[in-house]
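Listed below, chain by chain, are the residues.
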Amino acid sequence: MVRLHQAICNGLFYNNLELDVICKSAILTSIMYVLENVPLSGYSTMRVGGNARYLAEISTDLEVPKAVDWAEEHQVPVLMVGDGSNIIWRDEGFEGLVLVNKIKRFDISSFDDDTAYVTIGAGENWDEVVERTVEQGLSGIEALSLIPGTAGATPVQNVGAYGQEISSVLMTLQAYDLHERKLVTLQASECEFSYRTSRFKTTDRDRFLITTLSMILSKRPPIPPFYHSVEYYLKENGITDITAKNIRKAVIAIRQAKLPDPKHISNTGSFFKNPIISRSRLPQLTADYPDIAYWEVDEYNVKLSAAWLIEAAGFKGMHDKETGMATWPSQPLVFINESAQSTSQVLAFRDKVAAAVNEKFQVELEQEPELLP
Ligand SMILES: Cc1cc2nc3c(=O)[nH]c(=O)nc-3n(C[C@H](O)[C@H](O)[C@H](O)COP(=O)(O)OP(=O)(O)OC[C@H]3O[C@@H](n4cnc5c(N)ncnc54)[C@H](O)[C@@H]3O)c2cc1C
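Since we're looking at a predicted model, the values are computed, not measured.

1. A short note on the sheet that holds strand 9 (residues 115-121)
- Overall, antiparallel pairing links the 5 strands, which are arranged 8-9-14-12-13 in an open sheet. Single-partner strands in this sheet number two, and they are strand 8 (106-110) and strand 13 (182-187). Taking each pair of neighbouring strands and ignoring which way they run, the sheet shows an average axis angle of 20 degrees.
- Both strand 8 and strand 9 contribute to a ladder of 5 bridges, which runs antiparallel.

Listed below in structure tokens is the structure:
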């Protein structure tokens, strides 16, 4: 059963308080509740996983060091999350303190005639951030519309869609550095961004608790050419007025037509990254499979469509009774939890798909959502 373990109030710890007493204190001062034994299935849009030993919501950056001190006192590790739309929790759960980022902030300031700075709290809903910037006539993140989750998670896997990535607009971010034990500012150039990854997911995993992002956006309309499906939508719908608002509209329509809404259908979006392979393998693959889908990366590499590989391996519209998992009919790269009760079932389905793709194409698929802890 979930129970209130402790309330942290102005750096003091209160035990065994009646909830109404805590609520009264909360009006007077900033307060943070630490819950105990919390099912993590509620903190992943795949809706499976074990329990967190402790969990607290964080509403200001000043609460972060307090929570870290609390965890140290209880000798448990700390992990920060947003909305759980890119997390698969292990069945074993997490023997530590999960911090759910709810830090809110949204400031726009003009930089020059062409650009504006936008500073946002890590706990802001990402799509609302995109909507608000587009409403202000700013461009740079409109193609990232409707990506679920919080703003603070976007640098972690360098979120991207329809030709844009957060790394192209991010200036700086603020984070609590668990090594240095202080709030730090990192330049985008220090984040080691590349395709769906960053230092936050690799070398410095679990080191930085991101609190604020600062982006630089353009006051000018977006510049074509756009991603092929966006171009197609604009043409089909006779849209000639190229604004960030209209690109957002196109992206929302395209995404809604092919992706399930994680609020209603349990999924974590694309389950694998599109694999990057050596260009030297392409002639044989295209000879064997003339319609194989791929994109150019550079003179040495090409990126294959993981969705195409999965479909060609026989998993389109698959409903796997054994694991309770399925592939989404219009996008086989998205795995749906239809009736799986545990993460081991999700991973068994992942392994089935990856093994079939590997056997047919000798291509390794890499999981995109993080398996935590
Ligand atoms: C239907 C669907 C479509 C999607 N489409 C896309 C897409 O087009 N492109 C794309 O890139 N992704 C996509 N995703 C994946 C996901 O939405 C993004 O990765 C998103 O940024 C995750 O946000 P979140 O708040 O849910 O993060 P979470 O899932 O809560 O966390 C993800 C990771 O980031 C870490 N983290 C989260 N917040 C913080 C923080 N403040 N400080 C430090 N670490 C943090 C967590 O520890 C975890 O490791 C999609 C997911 C779904 C379900």
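Here the narrative resumes, following the displayed structure.
2. Observations regarding the domain arrangement of the protein
- The domains assigned to the protein are domain 1 (3-101), domain 2 (106-258) and domain 3 (267-372).
- Listed as interface residues are 15 residues of domain 1 and, on the opposing side, 18 residues of domain 3.
- Buried area between domain 1 and domain 3, summed over both chains or domains, comes out near 1,300 Å², and the portion from carbon and sulfur atoms is 56%.
- The largest per-residue losses of area from domain 1 upon contact with domain 3 belong to Met46, Asn86 and Ile88, which jointly make up 49% of the total buried on that side.
- Put simply, domain 1 and domain 3 have 0 salt bridges between them.
- Applying the counting criterion to the domain 1 and domain 3 interface returns 9 residue pairs in polar contact (both at pLDDT 80 or more).

3. Some thoughts on the confidence of the model for the protein
- Per-residue confidence for the protein averages 92 on the pLDDT scale, and 92% of its residues sit at or above 70.
- Within the model, the stretch residues 9-29 combines pLDDT values under 50 with 28 contacts to residues more than four positions away or in other chains.

Cut-offs used in this document
Residues numbered from 1 in each chain as written. Predicted model: local features only at pLDDT ≥ 70, side-chain atom pairs only at ≥ 80, totals over all residues. Heavy atoms only, no water. Pairing = 2+ DSSP bridges. Helix = DSSP H or I, 4+ residues; strand = E, 2+ residues; numbered from the N terminus. Axes fitted to C-alpha atoms, helices over the stretch in contact; angles between N-to-C directions. Domains from an automatic or database assignment. Contact = heavy atoms within 4.5 Å. Buried area = accessible area lost by both parts, 1.4 Å probe. Salt bridge = Lys/Arg side-chain N within 4 Å of Asp/Glu carboxyl O. Polar contact = N/O pair within 3.5 Å; in protein donor to acceptor, adjacent residues only side chain to side chain. pLDDT = per-residue confidence, 0-100.

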